[in-house]
Amino acid sequence: MSDLTRLTAAELADKIHTGEVSAAETTQAHLDRIAAVDGDVHAFLHVDAEGALEAARTVDAAVAAGERPASPLAGVPLALKDVLTTKGVPTTCGSKTLEGWLPPYDATVTRRLREAGVPILGKTNMDEFAMGSSTENSAYGPTRNPWDLDRIPGGSGGGSSASLAAYEAPLAIGTDTGGSIRQPAAVTATVGVKPTYGGVSRYGLVAFSSSLDQAGPCGRTVLDAALLHEVIAGHDPMDATSVDAPVPAVVDAAREGARGDLSGVTVGVVREFSGEGYQGGVLRSFETAVAQLKELGAEVVEVSCPHFTYALPAYYLIAPSECSSNLARFDAMRYGLRVADDGSHSAEEVMSLTREEGFGAEVKRRVMLGTYALSSGYYDAYYGSAQKVRTLITRDFAAAFEQVDVLVSPTTPVTPFKLGEKVDDPLAMYLNDICSIPANLAGNAAMSVPSGLSDEDGLPVGLQIMAPALADDRLYRVGAAYEAARGPVLDKLGELEAAK
Amino acid sequence: MSNISRDEVAHLAKLARMAVTEEELDTFAGQLDQILDAVAEVGEVAGDDIPPTSHAVPLTNVFRPDEVRPGLSQDEALSGAPAAEEGRFRVPRILGEEQ
């Protein structure tokens, strides 16, 4: 393995900008790593070597000419979740429906990355249309967890998290509707952040559940995630739900946190996130993390958010309802798959046959569930009630944040399970998101940071940190302080590999 | 104890324009029923006085300047079309034989 793939994004940026190494050789080292290991991991659906190297060479030319780098991450390559459009580069959302589609435009996130001089290595695997917690719902086969190739890398953004853990990319982009950045981060011992809703533009993010979807940064360190956060965040007139407010100073917060002093910070432990359904090793790792936060000077108090237990059922009505509406765009008329267009079928029949062929089981389940929840006669009982629960959860957060600066919990109740273990049991799969969903429903910022390995199975566990909307910087301060105290977790994977 | 019958699933699939198979009808009827049972508790929590939230970050009347900007060209817009003809999307017939 090339040493360049072992460095953090911050370290790589420093070397590239001082001319010590070139962006092209950095990018090539990661392309080589992908070629070597992605046959096993399957993090990527598409690798764009040419595009990435071209972007890298542009950065190298600027460095050689003595120009200021386009951004603090110029030249540092990245893996992009295949749910964000890339002009002229395949974007499938893990669905057969979009196989071979070349988008005619870039998502705002993609455009910002290009403008920042970040070479895009390729598009990462995901559960179809971001619906799932394991990547097993991808039409192109699952991604495997670098910690154990028989286990899930989390989902829906399992390709992004696995690419980081396998050292195929130093940075990645994910999207988080109910935990799709944080749960994959937790089960691969990487860092993932769901920014405040509206903090990062959704323009060009293929919609699943528009009131919940949020793109965010993924990395191997908190500082790397912060650097990426500042590249992609900010107001975008192309997204009407984009927040018109300054981007929180997350890089400064990460640097401050890394000094290891959390005095003056009050941390709330959510009482509702423990007990039945939580693996013992996960809870013990969490208790250790809380003790470490205390040692760093934080004041820790227990808080109750009584309605959080209703977040999961509310989510599984709201998200499918929005998805049933959003996925109506895949109508076989303007782009994407079309089958049975042989002159004997009407447009409506072609539509039905195409959607049957193009959608996987989980997408069909959610579209039907949403269609049911929105239908007259059931609307008030299901969708209407879920929206009221959303209000109660937002109020729980507001009350908690009157007492504390951040809330903490395990990111996910269990360590990564085996591929195939839950694929036929939708309800068991949904439980993976039990701790992450409240932040989506309320629009808060939240992060998962590695909190070690479970003592019973040696698999990664994540600590979730939640902050109020627009206070993303608090995540980075607390996350970086904890990371420094905890020490690296992912390095243990390298030791495991070397020992084989 | 099924609340959702096979026929209802078939109706939902029709509304959602998905030509599901006989086998899928059986699978989905059982699974949708199970999921709806599990989520029904949302109806027991909030009283009539609790307003619904449709959106996490409240925003009203988002405007931007009404400026002419370049959009997709006709070729770009048609670039992903399953079928195109004379610069337009070609679609299967939309009227029945008898109409």
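Rules behind the numbers
- Residues numbered from 1 in each chain as written.
- Chains lettered and ligands numbered in written order.
- Predicted model: local features only at pLDDT ≥ 70, side-chain atom pairs only at ≥ 80, totals over all residues.
- Heavy atoms only, no water.
- Helix = DSSP H or I, 4+ residues; strand = E, 2+ residues; numbered from the N terminus.
- Rg over C-alpha atoms; globule rule 2.2 N^0.38 Å.
- Buried < 20%, exposed > 50% of the residue type's maximum accessible area, 1.4 Å probe, protein only.
- Contact = heavy atoms within 4.5 Å.
- Areas by Shrake-Rupley, 256 points an atom, 1.4 Å probe, with all protein chains shown as cover.
- Lys, Arg positive; Asp, Glu negative; His and termini not counted.
- Charge placed at Lys NZ, Arg CZ, Asp CG, Glu CD.
- Arc of directions from axis to C-beta.
- Pairing = 2+ DSSP bridges.
- Axes fitted to C-alpha atoms, helices over the stretch in contact; angles between N-to-C directions.
- Disulfide = S-S within 2.5 Å.
- Phe/Tyr/Trp six-rings, centres within 6.5 Å; stacked < 30°, edge-to-face > 60°.
- Lys NZ or Arg CZ within 6 Å of the ring centre and 35° of its normal.

A. Local environment of the overall build of chain A. Helix and strand counts for chain A stand at 17 helices and 11 strands. Its C-alpha radius of gyration of 21 Å places chain A within 12% of the 23 Å reference for a compact globule of 500 residues. Overall, chain A is about 65 × 55 × 50 Å in size when its C-alpha atoms are taken along their principal axes. Taken across its 500 residues, chain A has 65% of its residues classed as buried. Partitioning the contacts of chain A with sequence separation of at least 6, the portion at a separation of at least 24 is 77%. Accessible surface, chain A: about 16000 Å² in total, of which carbon and sulfur atoms supply 49%. Between the centroid of the 40 positive side chains of chain A and the centroid of its 65 negative side chains there is a distance of 2 Å.

B. Seen up close, helix α1 (residues 6-15) of chain B. Taken together, the buried positions of α1 of chain B are V9, L12 and A13 of chain B. Down the axis of α1 of chain B, the smallest arc covering the buried residues is 100°, so these residues share one side. Turned more than 90 degrees away from the buried face of α1 of chain B sit D7 and K14 of chain B, all of them exposed. Lining the buried residues of α1 of chain B we find α12 (361-374) of chain A together with α2 (22-39) of chain B. Residue R17 of chain B follows α1 of chain B closely and has a positive phi angle near 55°.

C. Just the sheet that holds strand β4 (residues 171-175) of chain A, in detail. Residue and element names in this part refer to chain A. The sheet built from 11 strands is open, its strands ordered β1-β3-β2-β4-β6-β5-β10-β11-β9-β7-β8 with mixed pairing. Two strands bound the open sheet, and with one partner strand each, they are β1 (44-47) and β8 (299-303). With strand direction ignored, the average angle separating the axes of adjacent strands in the sheet is 25°. Relative to strand β11 (residues 460-467), strand β9 (residues 406-410) runs antiparallel, the two sharing four bridges.

D. Highlighting the state of the cysteines. Using the criterion set out here, one finds zero disulfides over all chains in the structure. The thiol of C305 of chain A is not disulfide-bonded; the next cysteine sulfur, from C435 of chain A, is found 12 Å away.

E. Examining the packing of aromatic side chains more closely. Residue and element names in this part refer to chain A. Per the counting criterion, the structure on display carries 15 aromatic pairs over all chains. The interplanar angle of 50° and the centroid separation of 4.8 Å between the aromatic rings of F308 and F397 together place this pair among those described as tilted. On the criterion of sequence distance, the pair formed by F308 in the loop between β8 and α10 (311-326) and F397 in helix α13 (residues 380-403) is long-range, its members being 89 residues apart. For F308, a relative accessible area of 1% gives the class buried. For the cation-ring pair, K422 lies above F417, with the distance from its terminal atom to the ring centre recorded as 4.3 Å.

F. Seen up close, the side chain of T391 of chain A. Among the structural elements, T391 of chain A can be located in helix α13. Classification of T391 of chain A by relative accessible area gives buried; the value is 7%.

Honestly, that's just the spatial picture; any functional story needs more than this.
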